[in-house]
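# Observations on the model geometry
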Amino acid sequence: MYTAHPDRYAEMPYRRTGRSGLKLPALSLGLWHNFGPDRPVETQRAILRRAFDLGVTHFDLANNYGPPPGAAESALGEALKADFTPYRDELVISTKAGYLMWPGPYGEWGSRKYMLSSLDQSLTRMGLDYVDIFYSHRPDPETPLEETMGALHTAVRQGKALYVGVSNYSPEQTREAARILAELGTPLLIHQPRYSMLDRRPETGGLLDTLDELKVGSIAYSPLEQGLLTGRYLNGIPEDSRAASDSPFLNSDAVTEELVGKLRALDEIARSRGQTPAQLALAWVLRAGRVTSALVGASSPRQLEDSVAAIGNLDFDADELARIDKIVHR
């Protein structure tokens, strides 16, 4: 029987999410790729237990995470039943709906039918009565935003979600979503954008400014840029890497000599700070407190521990930030 570490809250910083009362750990665990049937169940459970022992209280999912779709939620459901039943009130569990989940016209996007059906299926897979955060995973160009946001509001009214969020929405879409939700009486809690040292669109496109203005929280996904910022590619493409498999999310063509040169230069900065490249990348996303939490994946407890160690140094001086910018933009 798993017993959580008594000092699990001693080191992890927790940040208030927008204007809400909810605090999230600086680092949250994403169950995107490592919680399907192709991974050992005991390894999955060991990652979840180690995360909680390190103060990572937020587990982030979506209906289509696995692979196959639904597998991550099912895996978490088994782990919750086996290890975390006494700790449910110490956990923040989020899921999303928006991408393809089942065949036919009602299996993706943002209709009320899809969103609420998907949430019911997610709760069944996880064995939960409610999730803490329910997201619209992507905007639907053919469904009125009022309908999608109305579905999120209904999930809260039904007691199936405590808070709601959006992901992959533009600043303009986010502003309108927040307006609609405010009128309904269910505030927009959080936005989940892709954000890293190599992908600055939330900065350059004005999303972070919009979230600051709206007092909405943010949680960055892919802060390690699909593994590029972990140090694995300092000498090219490892045979067992994501890029070597020509994943749809990262292929070998992306790992150019120019990029490898940038990664090596960033590695030098990480070393000067006493950090690994991954720790540098996570600290950079979390700098100055504009981002509430950064999502990390893990294939082993040890990999998770390396990521969590980033919290030991989240401060940057002006020279370090300037050097990073020069490397990335050269």
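Read on for a plain summary of the structure. (Residues numbered from 1 in each chain as written. Predicted model: local features only at pLDDT ≥ 70, side-chain atom pairs only at ≥ 80, totals over all residues. Heavy atoms only, no water.)

## Thoughts on the sheet that holds strand β3 (residues 27–30)
Here we have eight strands rolled up into a closed barrel, ordered β3-β4-β5-β6-β7-β8-β9-β10, and parallel in their pairing. Across the sheet, the mean angle from the axis of one strand to that of its neighbour is 30°, orientation sign disregarded. Pairing of strand β6 (residues 131–136) with strand β7 (residues 161–167), which is carried by five bridges, proceeds in the parallel orientation. Bridge pairing in β7 links Tyr135 to Gly165. Lying on the sheet, helix α4 (residues 145–157) is in contact with β6 and β7; it crosses β7 at an angle near 155°. (Pairing = 2+ DSSP bridges. Helix = DSSP H or I, 4+ residues; strand = E, 2+ residues; numbered from the N terminus. Axes fitted to C-alpha atoms, helices over the stretch in contact; angles between N-to-C directions. Contact = heavy atoms within 4.5 Å.)

## A word on the side chain of Thr57
The residue Thr57 is located in the loop between α1 (41–53) and β4 (58–60) in this model. In this structure Thr57 comes out as buried when scored by relative accessible area, which is 6%. For Thr57, the residues in contact, after removing those within four places along its chain, are Tyr9, Tyr14, Pro25, Phe52, Glu90, Leu91 and Val92. (Buried < 20%, exposed > 50% of the residue type's maximum accessible area, 1.4 Å probe, protein only.)

## Considering the packing of aromatic side chains
Taken as a whole, this structure holds eight aromatic pairs when the rule is applied. Over the ring of Tyr135 we find Lys96; its NZ or CZ atom is 5.5 Å from the centre of that ring. The aromatic ring of Phe316 is capped on one face by Arg273, whose charged end is 3.8 Å from the ring centroid. (Phe/Tyr/Trp six-rings, centres within 6.5 Å; stacked < 30°, edge-to-face > 60°. Lys NZ or Arg CZ within 6 Å of the ring centre and 35° of its normal.)

## Details of the pattern of salt bridges
Under the definition given, this model contains 24 salt bridges. Residue Arg271 pairs with Asp267 through a salt bridge whose shortest N-O separation is 2.9 Å. Highlighted residues: Arg271 and Asp267, both in helix α8 (residues 257–272), separated by four residues, approximately one helical turn. Bridged by salt links that share partners, the residues Glu42, Arg45, Arg49 and Asp83 form one connected network. (Salt bridge = Lys/Arg side-chain N within 4 Å of Asp/Glu carboxyl O.)

## Let's talk about the environment of Leu76
Structurally, the position occupied by Leu76 is in helix α2 (residues 71–84). For the pair Leu76 and Lys215, spaced 139 residues apart in the sequence, the C-alpha separation amounts to 31 Å. Residue contacts for Leu76: discarding those within four places in its chain leaves Leu31, Leu48, Phe59, Leu61, Ile93 and Met126.

## Some points on the packing of α1 against helix α10 (residues 301–308)
The N-to-C vectors of α1 and α10 enclose an angle of 30°; their axes lie 9 Å apart at closest approach. The orientation of α1 relative to α10 falls into the category roughly parallel. You can see that α1 and α10 cross each other, and the crossing is right-handed. Of α10, the residues touching α1 (which contributes Ala46, Ile47, Arg50 and Ala51) are Pro301, Leu304 and Glu305. (Parallel < 35°, antiparallel > 145°, perpendicular 65-115°, else oblique. Left-handed = near helix turned anticlockwise from the far one by under 90°.)

## Quick look at α8
Helical geometry note: an α-helix holds 3.6 residues per turn, so side chains three or four residues apart project in the same direction. Over its 16 residues, α8 extends 23 Å from the first C-alpha to the last, a length consistent with the 22 Å expected when each residue adds 1.5 Å. The set of residues buried in α8 consists of Leu259, Val260, Lys262, Leu263, Ala265, Leu266, Asp267, Ile269 and Ala270. Along its buried surface, α8 packs onto α9 (277–286) and α11 (318–329). Directly beyond the C-terminal end of α8, a positive phi value near 75° is found at Gly274. (Expected span 1.5 Å × (residues − 1).)

## Things to note about the environment of Gly107
Residue position: Gly107 is located in the loop between β5 (92–97) and α3 (112–126). Gly107 sits 89 residues away from Gly18 along the chain, and the two C-alpha atoms are 31 Å apart. Leave out the neighbours within four places in its chain, and Gly107 touches Tyr99, Leu100, Met101, Trp102 and Tyr114.

## Brief notes about α2
With 14 residues, α2 ought to run about 20 Å at 1.5 Å a step, and its terminal C-alpha atoms sit 18 Å apart, in line with that. Along α2, 10 of the 14 residues are buried, which leaves the element largely enclosed by surrounding structure. Listed in full, the buried residues belonging to α2 are Ala71, Ala72, Glu73, Ala75, Leu76, Gly77, Ala79, Leu80, Asp83 and Phe84. Buried residues along α2 sit in contact with α1, β4, β5 and α3.

## With respect to the packing of helix α5 (residues 171–184) against helix α7 (residues 207–214)
Each packed pair of helices is defined by two parameters, the angle between the axes and the distance between the axes. Contact geometry of α5 with α7 gives a least axis separation of 9 Å together with a crossing angle of 20°. Classified by the angle their axes make, α5 and α7 are roughly parallel. Crossing handedness for the pair α5 and α7: right-handed. On α7, the residues that touch Pro171, Thr174, Arg175 and Ala178 of α5 are Leu207, Thr210, Leu211, Glu213 and Leu214. Of the residues contributing to the contact of α5 with α7, the split by class is five nonpolar, two polar and two charged. (Nonpolar A, V, L, I, M, F, W, Y, C, P; charged D, E, K, R; others polar.)

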